[in-house]
Amino acid sequence: MNVAYKEAIEKGVKQAANPDYETVIIGAGISGMAAGIKLIKEDMTSFVIVERASGVGGTWRDNRYPGIAVDISSFTYSFSFEQNPNWSRVFSPGDDLHNYTKRIAAKYGLYPYFRFNTSVVSAIFDKATHMWTVELGDGSYMTARQIISATGALIETKDPIIPGLDSFKGIKIHTGHWDTSLDLKGKRVAIIGTGATAVQMIPELAREVGRLDVYQRTPIWVLKKPDGDIPPILKSAFRNIPLLQRGTRLATDVFSEVVMVISAIYYKQFPWLVAWAERAGVSNMEQQLPDRQDLWDTLTPKYGFSCKRPTFSNEYFSVFAEEHVDLVTTPIEKIEEKGVVTTDGNLREIDILVLATGYRVFEKGNFPPYTIFGRDGDELGDFWERERFQAYEGVSVPNFPNFYNVLGPYSLLGTSYFKTVEGNTTHAIRCIKEAKKRNATCVEIRQDVHDAYFQDIIKRQQNTIFFNHNCGTANSYYFDVNGDAPMLRPSTSVESLWRAKHFSLNNYVYSDLKK
Ligand code: NAP
């Protein structure tokens, strides 16, 4: 038996006849809220949503950096059951999303279920009672029949590994912990990273600062953004003609499904889609930088479109034509008290260092961000590290009964995150409902079903861009240490959502303590 497991059990885990809650949902972001809404709808109201922060909204609560906005159209980037006629733009700013989550939490009566400022440290399944014991950050415990893990993926920020990073005497700030009171006016600023976050932020920084150095290690594919304000008359039309809103969503769904999903997942079948996207990316750059041909090659990725998350911007490239902005591609050697030193020995002095260096993703300790011991004491992070990331339909793992992931391995649909969440929570709630119907206290995915599913995923992956179009140079967080690409689900959203509603409930084994 795993030592930590044994110790935790011995520490005095509660073993009451009934759990404190039927369900513990971990996380009050979009995923946790979706799970809560569905439980209420099914009248299964014995649940709690535990959240480490002090409010709802996850990513949209935490990220406050200048320029933050969705990079999938808002019509698609929202719940299917709660479309919003009031988006301010086609690609709405972060605040709109945060307000949307708060409004939904109130509308669906979720607030009584939240337990804020409460982090989960570990969870242990007790096969004698068919209960999870969840250890909280304050040292207390709660018990539950099942856990829905809704902790997201891009939550733990990652600082770059650069010598001397801590010796910098100016202001150093990661985009994920932005201080909105930071005065940028006229300052000398450096930004490290050119991922999707930096692409949104760089034009905003350039408007404010005195000088901007952009440190690019790997360029990014950036398409034109079909964005714009939504005028009041259109908002009113969306409010009064729901069919118009649904039709608009269908159009943006199809666009993002083709550009972000089918092009990547069915690369072998439709390589011309990627070729088209790459041409569109190059053309976007050339149009924004007509007089800076000297930068074209440097700003063009050498890896295939979708090997890492592409993004959209109508102004990112044009910033590099501005006098006060420098694109620096000489590698960084170290950070000093006064600024950044590149390998050519050049020191660029700055006042503010912005780290747009992303997040920990498929790593033990982050996925999930707590330890969890299953039926026989195996720890999920250990299991995934040992046996590769895997989960049936991205949701369930053998030996971890009554445990459901939202955004588990191979479950992210490259289109809207909301679709992933709706699919995964539909799956989990169907299992929980079925257990109730069968009077079962333990629900576990069958090993043979899980294994067949995983084999199919691995086979399908061979069609994707990830293994066929020079992704090795992308430095993409889609890949894990084993060389797998467990982030994206190799299927369309339509198939994924259909399967969430129709997978056979007999793929799970149901058992009851009393039998
Ligand atoms: P990211 O995509 O992981 O990009 C991190 C950047 O930092 C990369 O350019 C990386 O370069 C660079 N970097 C890391 N360590 C470095 C080092 N030691 N030296 C130099 N450069 C270094 O992170 P992100 O931009 O924060 O985006 C993360 C994800 O968040 C996105 O892909 C997207 O899914 C999501 N996002 C969504 C939205 C939205 O929908 N509104 C907006 C922003 C972000 P390499 O590529 O060379 O490693």
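Residues numbered from 1 in each chain as written. Predicted model: local features only at pLDDT ≥ 70, side-chain atom pairs only at ≥ 80, totals over all residues. Heavy atoms only, no water.

Take the nonpolar core next. One finds Tyr77, Ile148, Ile191, Leu212, Phe320 and Ile372 to be the most contacted residues of the largest nonpolar core, which totals 143 residues. The element best represented in this core is helix H11 (residues 417-437), accounting for eight residues. Each of domain 1 (3-56 + 110-155 + 361-511) and domain 2 (165-229 + 235-355) accounts for three or more of the residues forming this core. Those residues in contact with Phe320, other than ones at most four positions away along the chain, are Val214, Leu289, Arg292, Leu295, Leu299, Val325 and Leu327. Formed by twelve residues, the second largest nonpolar core is a distinct cluster that contains Ile162, Val328, Ile335 and Ile350. (Core = buried A, V, L, I, M, F, W, Y, C linked by side-chain atoms within 4.5 Å. Buried < 20%, exposed > 50% of the residue type's maximum accessible area, 1.4 Å probe, protein only. Helix = DSSP H or I, 4+ residues; strand = E, 2+ residues; numbered from the N terminus. Domains from an automatic or database assignment. Contact = heavy atoms within 4.5 Å.)

Looking now at the sheet that holds strand E8 (residues 188-192). One open sheet accounts for five strands, arranged E7-E16-E8-E9-E12; its pairing is parallel. Pairing within the sheet leaves two strands with one partner each, and these edge strands are strand E7 (171-174) and strand E12 (325-328). Sheet twist, expressed as the mean angle between neighbouring strand axes with direction ignored, is 15°. Inspection of the sheet shows strand E9 (residues 211-215) paired to E12 by four bridges, in the parallel sense. Bridge assignment links Val214 to a residue of E12, and that residue is Leu327. (Pairing = 2+ DSSP bridges. Axes fitted to C-alpha atoms, helices over the stretch in contact; angles between N-to-C directions.)

The next point concerns the sheet that holds strand E14 (residues 339-342). Taken together, the three strands give an open sheet; going across it, the order is E13-E14-E15, and neighbouring strands pair in antiparallel fashion. Looking along the sheet, the strands with just one partner apiece sit at the ends: strand E13 (332-335) and strand E15 (347-349). Recorded for the sheet is a direction-independent mean angle of 25° between the axes of neighbouring strands. Relative to E15, E14 runs antiparallel, the two being bridged by three bridges. Across the sheet, Val341 pairs through a bridge with Leu347, a residue of E15.

Attention now moves to the pattern of salt bridges. Evaluation of the coordinates by the stated rule reveals 40 salt bridges. With a closest N to O distance of 2.7 Å, Asp95 and Arg64 form a salt bridge. Here the residue Asp95 occupies a position in helix H4 (residues 94-107), and Arg64 occupies one in the loop between helix H3 (59-62) and H4, the gap between them amounting to 31 residues. A residue is classified by how much of its surface remains accessible, and Arg64, at 28% relative accessible area, is partly exposed. Here Lys185 and Glu208 are joined by a salt bridge, their closest N and O atoms 3.7 Å apart. Placement of Lys185 in the loop between E7 and E8 and of Glu208 in helix H5 (residues 196-208) is noted, with a sequence separation of 23 residues between them. For Lys185, a relative accessible area of 55% corresponds to the exposed category. Classification of Glu208 as partly exposed rests on a relative accessible area of 34%. Taken together, the shared-partner salt bridges connect Glu393, Asp456, Arg460, Arg489, Glu495 and Arg499 into one network. (Salt bridge = Lys/Arg side-chain N within 4 Å of Asp/Glu carboxyl O.)

Looking now at the side chain of His130. Tracing the backbone shows His130 in the loop between strand E4 (120-126) and strand E5 (131-136). In terms of polar contacts, His130 uses its side chain to reach the side chain of Thr441, at 2.7 Å. Those residues in contact with His130 that lie beyond four places of it in its chain are Phe125, Arg145, Asn402, Thr441, Cys442, Ser511, Asp512 and Leu513. (Polar contact = N/O pair within 3.5 Å; in protein donor to acceptor, adjacent residues only side chain to side chain.)

With that out of the way, let us pick up the packing of helix H2 (residues 30-41) against H11. Closest axis-to-axis distance for the H2/H11 pair is 9 Å, and the angle between their directions is 40°. With respect to H11, the axis of H2 lies oblique. The two elements H2 and H11 cross, and the hand of that crossing is right-handed. For the pair formed by H2 and H11, the contact residues are Ile30, Ser31, Ala34, Ala35, Lys38 and Leu39 on the first element and Tyr417, Phe418, Val421, Glu422, Thr425, Thr426 and Ile429 on the second. In the contact of H2 with H11, the residues fall into eight nonpolar, three polar and two charged. (Parallel < 35°, antiparallel > 145°, perpendicular 65-115°, else oblique. Left-handed = near helix turned anticlockwise from the far one by under 90°. Nonpolar A, V, L, I, M, F, W, Y, C, P; charged D, E, K, R; others polar.)

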